[in-house]
Amino acid sequence: MLGQMRLAWWRDMLALRTPDRPAGDAALSAIGAHWSGDEQALIDVVDGWEVLLVSVALADADLVRIARGRGAPFVALFGGASLRSAARVSAAATRFVCADLAIRLSDAEERRRAIRLGLDQTDDGERLPREARGLRVLEALALRALERGGKPLMEGRGAALTALKAGFFGR
């Protein structure tokens, strides 16, 4: 209940115009300075976390809402002007969120569906924008983790090599 109240507070604060938000909160001030105009992406994150917080059992639609919500800031930052670019960034972010979910979900069926959702994301041969290099690394690690059955992103000796390869070559 307390977690849900805190998420509701964040949703309310992010819905306010920057000058109307309470002063003195460092996080809110930073959001106002760096995310002004893109607060909806952060509200989507709050909504994604809320689905995870209140759901007793996660349906496929819940997993999609969580992944899209938590991935929304990546789309806001790197989606660019084209729908194709935004779709590519969304797929990469969804893949990362699904890998993160898979290692944290205790229910085996929910974990299996999160893995499937992450693996079902396609890139249509399109590369992520150059400025999204960090997301490229996260996506490569996520794909590796998902293919290994939902293992932690940095598990094993190959994880560092995967991260370096994605960072340098985008693959």
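Residues numbered from 1 in each chain as written. Predicted model: local features only at pLDDT ≥ 70, side-chain atom pairs only at ≥ 80, totals over all residues. Heavy atoms only, no water.

### Focus on the overall build of the chain
Counting secondary structure elements, the chain contains 8 helices and 0 strands. Taken from the N to the C terminus, the helices and strands of the chain come in the order α-α-α-α-α-α-α-α. Considered along the principal axes of its C-alpha atoms, the chain spans approximately 45 × 40 × 30 Å. Within the chain, contacts between residues at least 6 apart in sequence are counted, and of these 59% link residues at least 24 apart. Surface exposure of the chain reaches about 9,500 Å², of which carbon and sulfur atoms provide 58%. (Helix = DSSP H or I, 4+ residues; strand = E, 2+ residues; numbered from the N terminus. Contact = heavy atoms within 4.5 Å. Areas by Shrake-Rupley, 256 points an atom, 1.4 Å probe, with all protein chains shown as cover.)

### A look at the packing of helix H1 (residues 2–15) against helix H2 (residues 26–34)
Closest axis-to-axis distance for the H1/H2 pair is 11 Å, and the angle between their directions is 40 degrees. Considering only the axes of H1 and H2, their crossing is right-handed. Of the residues in H2, those in contact with Trp9, Trp10, Met13 and Leu14 of H1 are Ala27, Leu28 and Ile31. Of the residues assigned to the contact of H1 with H2, the class counts are 7 nonpolar, no polar and no charged. (Axes fitted to C-alpha atoms, helices over the stretch in contact; angles between N-to-C directions. Left-handed = near helix turned anticlockwise from the far one by under 90°. Nonpolar A, V, L, I, M, F, W, Y, C, P; charged D, E, K, R; others polar.)

### Observations concerning the environment of valine 137
Turning to its location among the elements, valine 137 is positioned in helix H7 (residues 133–147). Placed 50 residues apart in sequence, valine 137 and alanine 87 show a C-alpha to C-alpha distance of 18 Å.

### What about a nonpolar patch on the surface?
On the surface, Met1, Leu2 and Met5 cluster together to form a nonpolar patch covering roughly 430 Å² of accessible area. For methionine 1, the location among the structural elements is in the segment before H1. (Patch = residues over 30% accessible without salt bridge, like charges linked within 9 Å, V, L, I, M, F, W, Y side chains within 5 Å. Salt bridge = Lys/Arg side-chain N within 4 Å of Asp/Glu carboxyl O.)

### Quick word on the pattern of salt bridges
With the rule as written, the count across this model stands at 14 salt bridges. Of the charged contacts in the structure, one is a salt bridge between arginine 17 and aspartate 20, with a shortest N-O distance of 3.2 Å. Note on arginine 17: relative accessible area 55%, which makes it exposed. For arginine 112, the salt bridge identified is with glutamate 109, shortest N-O distance 2.5 Å. Here arginine 112 pairs with glutamate 109, and both are found in helix H6 (residues 108–120), just 3 residues apart, close to one helical turn. Here the salt bridges do not stand alone but share partners, grouping Asp60, Glu109, Arg112, Arg113 and Arg116 into one network. (Buried < 20%, exposed > 50% of the residue type's maximum accessible area, 1.4 Å probe, protein only.)

### Describing the nonpolar core
Ranked by internal contacts, the top residues of the largest apolar core, which has 33 residues, are Leu63, Phe74, Leu101 and Leu135. Sorting the residues of this core by element identifies helix H4 (60–78), helix H5 (83–104), H6, H7 and helix H8 (158–169) as the ones contributing at least two each. At 9 residues, H5 tops the list of elements feeding residues into this core. Excluding residues within four positions of it along the chain, leucine 135 makes contact with Phe74, Phe78, Val89, Ala92, Ala93 and Leu128. Grouped together as the second largest cluster of nonpolar side chains are 12 residues, Ile31, Leu42, Val46 and Ala72 included. (Core = buried A, V, L, I, M, F, W, Y, C linked by side-chain atoms within 4.5 Å.)

### Here we look at helix H3 (residues 39–54)
For the α-helix, the turn length of 3.6 residues means that residues three or four positions removed from each other point alike. For H3, spanning 16 residues, the distance from its first C-alpha to its last is 23 Å, which sits close to the expected 22 Å at 1.5 Å a residue. Of all the residues in H3, the buried ones are Glu39, Ala41, Leu42, Ile43, Val45, Val46, Gly48, Glu50 and Val51. Those residues of H3 that are buried lie in contact with H1, H2 and H4. (Expected span 1.5 Å × (residues − 1).)

### Looking at the side chain of arginine 21
Here arginine 21 shows up in the loop between H1 and H2. Filtering out sequence-adjacent residues up to four positions away, arginine 21 remains in contact with Met13, Leu14, Leu16, Leu28, Ile31, Gly32 and Glu39.

Shape is all these values report; function is a separate question.
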